[in-house]
Protein chains: 2
Amino acid sequence: MRETESEGERHPGRRREALSASGIVRAAIEILDAEGEDALTFRSLAKRLSTGAGAIYHHVASKDELLEAAAAELVAAIVATATPDADVRTLMLEAFDLIDAHRWLGSQLARAPWQAAVLLVVEAVGERLAVAGVPEDHQFDVASALVHHILGAAGQHAASARVPLAVGRSGLLKTVADDWTSRARRDQLPFVRAMARQLADHDDRRQFAAGVDLILAGAATLTRPAPPHAPTPRPTGS
Amino acid sequence: MRETESEGERHPGRRREALSASGIVRAAIEILDAEGEDALTFRSLAKRLSTGAGAIYHHVASKDELLEAAAAELVAAIVATATPDADVRTLMLEAFDLIDAHRWLGSQLARAPWQAAVLLVVEAVGERLAVAGVPEDHQFDVASALVHHILGAAGQHAASARVPLAVGRSGLLKTVADDWTSRARRDQLPFVRAMARQLADHDDRRQFAAGVDLILAGAATLTRPAPPHAPTPRPTGS
DNA sequence: ACCTGAACACCGTTCAAGT
DNA sequence: ACCTGAACACCGTTCAAGT
């Protein structure tokens, strides 16, 4: 347990490196991952960093900014590593897996559409649409549909992150399915009831992928030069 | 200004009818619509109902329950009126318009997937898929894709509800677009930058509808008896 | 039974005071 | 300049005390 006096070990408090924005963000991610969204407070963060709550404000402007930075950090990592040759579908599934692994990320992404993390996803998805053969004048629509799909699924996942960790994933699904089933029975919701039964068996990653394939299949129908009928604004006819 | 002694007008405090769950939910919706999500607190709600904050807990268990009930009330209304003969596409657009009119609804719907409001949407969407010609074994996937699309768009809308009311919608869009454009320039995000330019011109209702059409077009490709290639799990090939 | 409103245990954020 | 931690202005929720 001897203290070696290496490099700049002269300052008494030098054991902990000076506070920095990136260090704070890193610590925030650790708390979010380990203990969930509600556990991240400026007080808990300050305690982990062995400092006062006010000190954090010298490096990040607000909790919103902190959460945005945390989300951007994670998304940037997968976008950077996935970029080389992955196609849209692969990228979408990687995004799903990221949100699955860090469940607080779901609600954070849904919180503000123009935050850096969302922009990175939009860009990464959009860049691959030309390669996928989506005509230029439909790329924005397809990109927004894919991103909505991510954000929608993200919200679902974020919600299931709120239950205590003791309840396993399949246990949770079982509970939700039971809840759905009972409510559906009482309220006469046959479709929901049938879907709840399936939900208990299949996993939602598969369902997410199916949704991606639906959107891409829809996009593929656009590559034909001229579809016979434009979508009419009046859907009243049978 | 004479007081007529009608019916049960004997009690001094009878002017305001007794507190009830539905009355509380109605008042909550009024506050949410008029002043936004952050303005709804048990204190502000109690003040509007001329009672104490604690009294509300005799009728609703928590703020979560209150928000779920408020969302369910609005969704139930459009599902009930839209039900007769509207197709999926129309229903989706009505859901979009509802979320557009009550922006707090977006974040509330994303909050918990098994809340009543979401169940009602799933059911209403699901019921119409058979009519739309979606094969039975794909209905859950299509329904979940459509609901993810709603929830994704809902999140976007909810986020734009956080800005002060003074800023008009187009003004906000302009600001967001500017922000997107500047960040995109700095960070080299060409697709986002191009999309931001279009975002300033076109409205997002149209983009939402385009997404719905994409999913439905994708679903239409499933109605063929047997597609030549099943989606392969390995997308690594070019 | 229903209501009241002070009290409790928290938040995010600010700011005088220290180093 | 950076940090500290008490203080401020809130929350949701509880609960003794009233009617």
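Keep in mind the model is a prediction, meaning the values are calculated, not measured.

Participant: Please explain the overall build of chain A as it appears in this structure.
Facilitator: On a plain count of helices and strands, chain A comes out with 10 helices and zero strands. Listed N to C, the secondary structure of chain A is α-α-α-α-α-α-α-α-α-α in terms of helices and strands. Looking at chain A alone, contacts between residues at least 24 apart form 64% of all its contacts between residues at least 6 apart. By element, 54% of the accessible surface of chain A is carried by carbon and sulfur atoms, the whole surface being about 12700 Å².

Participant: Looking at this model, I keep getting lost on the packing of aromatic side chains. Mind explaining?
Facilitator: We describe a pair of aromatic rings using the distance from one ring centre to the other and the angle between the two ring planes. Residues and elements named next belong to chain B. Per the counting criterion, the structure on display carries six aromatic pairs over all chains. Measuring from ring centre to ring centre gives 4.6 Å for Phe-42 and Tyr-57, while their planes differ by 15°; the resulting arrangement is stacked. Of this pair, Phe-42 sits in helix H2 (residues 42-48) while Tyr-57 is found in the loop between H2 and helix H3 (63-82), placing the two residues 15 residues apart along the sequence.

Participant: Just checking my understanding: could you explain the protein's contact with DNA strand C for this structure?
Facilitator: Around DNA strand C there are 19 residues in total, and Arg-43 and Lys-63 of chain A together with Thr-51, His-58 and His-59 of chain B lie nearest to it. For DNA strand C, the backbone makes up 47% of the atoms found within 4 Å of the protein, where backbone means sugar plus phosphate. Contacts to DNA strand C include Phe-42 of chain A, whose backbone N or O atom sits 3.2 Å from a phosphate oxygen. Residue classes in the surface near DNA strand C are distributed as six nonpolar, nine polar and four charged.

Participant: What is the right way to look at the protein's contact with DNA strand D in this model?
Facilitator: By nearness alone, 19 residues border DNA strand D, and Thr-51, His-58 and His-59 of chain A together with Arg-43 and Lys-63 of chain B come closest of all. Across the atoms of DNA strand D situated within 4 Å of the protein, the share located in sugar and phosphate is 47%. One of the backbone N or O atoms of Gly-52 of chain A is found 3.1 Å from a phosphate oxygen in DNA strand D. Note that a base oxygen of DNA strand D is positioned 2.8 Å from one of the side-chain N or O atoms of Arg-43 of chain B. For the surface near DNA strand D, the class distribution of residues is six nonpolar, nine polar and four charged.

Participant: Even after reading the chapter, I still don't get the domain arrangement of chain A, so can you show me in this structure?
Facilitator: Accessible area lost when the parts come together is the quantity often used to give the size of an interface. All names here are of chain A. What the domain assignment reports for chain A is domain 1 (17-61) and domain 2 (73-222). Taken residue by residue, the interface counts six residues in domain 1 and eight residues in domain 2. The junction of domain 1 with domain 2 conceals about 660 Å² of combined surface from both sides, 52% of it contributed by carbon and sulfur atoms. Arg-111 is paired through a salt bridge with Glu-37; the nearest N and O atoms lie 3.5 Å apart. Summed over the shared surface of domain 1 and domain 2, the result is three residue pairs in polar contact (both at pLDDT 80 or more). Residue composition of the side of domain 1 that touches domain 2, by class: four nonpolar, no polar and two charged.

Participant: Quick question: what am I supposed to make of the interface of chain B and chain A here?
Facilitator: Contact with chain B, which involves 61 residues of that partner, is made by 60 residues of chain A. At the boundary of chain B with chain A, total buried surface from both sides reaches about 5300 Å², with 68% on carbon and sulfur atoms. When the area that chain B buries against chain A is broken down by residue, the three leading residues are Trp-114, Phe-140 and Phe-191 of chain B, summing to 15%. One can count two salt bridges joining chain B with chain A. In this structure, Arg-206 of chain A engages Asp-141 of chain B in a salt bridge whose closest nitrogen and oxygen atoms are separated by 2.6 Å. Our enumeration of links across chain B and chain A arrives at eight residue pairs in polar contact (both at pLDDT 80 or more). Elements supplying a minimum of two residues to the side of chain B that touches chain A: helix H4 (88-101), helix H5 (104-111), helix H6 (116-131), helix H7 (139-160), helix H8 (169-187), helix H9 (190-201) and helix H10 (204-220) of chain B.

Participant: Explanation requested: the packing of H3 of chain B against H4 of chain B in the structure shown.
Facilitator: All names here are of chain B. Where H3 contacts H4, the axes come no closer than 11 Å and their chain directions differ by 150°. Here H4 runs roughly antiparallel to H3, going by the angle between their axes. Of the two elements, H3 crosses H4, and the hand of that crossing is right-handed. Note on element contacts: H4 touches H3 through Leu-91, Glu-94, Ala-95 and Leu-98, opposite Leu-74, Val-75, Ile-78 and Ala-82.

Cut-offs used in this document
- Residues numbered from 1 in each chain as written.
- Chains lettered and ligands numbered in written order.
- Predicted model: local features only at pLDDT ≥ 70, side-chain atom pairs only at ≥ 80, totals over all residues.
- Heavy atoms only, no water.
- Helix = DSSP H or I, 4+ residues; strand = E, 2+ residues; numbered from the N terminus.
- Contact = heavy atoms within 4.5 Å.
- Areas by Shrake-Rupley, 256 points an atom, 1.4 Å probe, with all protein chains shown as cover.
- Phe/Tyr/Trp six-rings, centres within 6.5 Å; stacked < 30°, edge-to-face > 60°.
- Near = heavy atom within 4 Å.
- Polar contact = N/O pair within 3.5 Å; in protein donor to acceptor, adjacent residues only side chain to side chain.
- Nonpolar A, V, L, I, M, F, W, Y, C, P; charged D, E, K, R; others polar.
- Domains from an automatic or database assignment.
- Buried area = accessible area lost by both parts, 1.4 Å probe.
- Salt bridge = Lys/Arg side-chain N within 4 Å of Asp/Glu carboxyl O.
- Axes fitted to C-alpha atoms, helices over the stretch in contact; angles between N-to-C directions.
- Parallel < 35°, antiparallel > 145°, perpendicular 65-115°, else oblique.
- Left-handed = near helix turned anticlockwise from the far one by under 90°.

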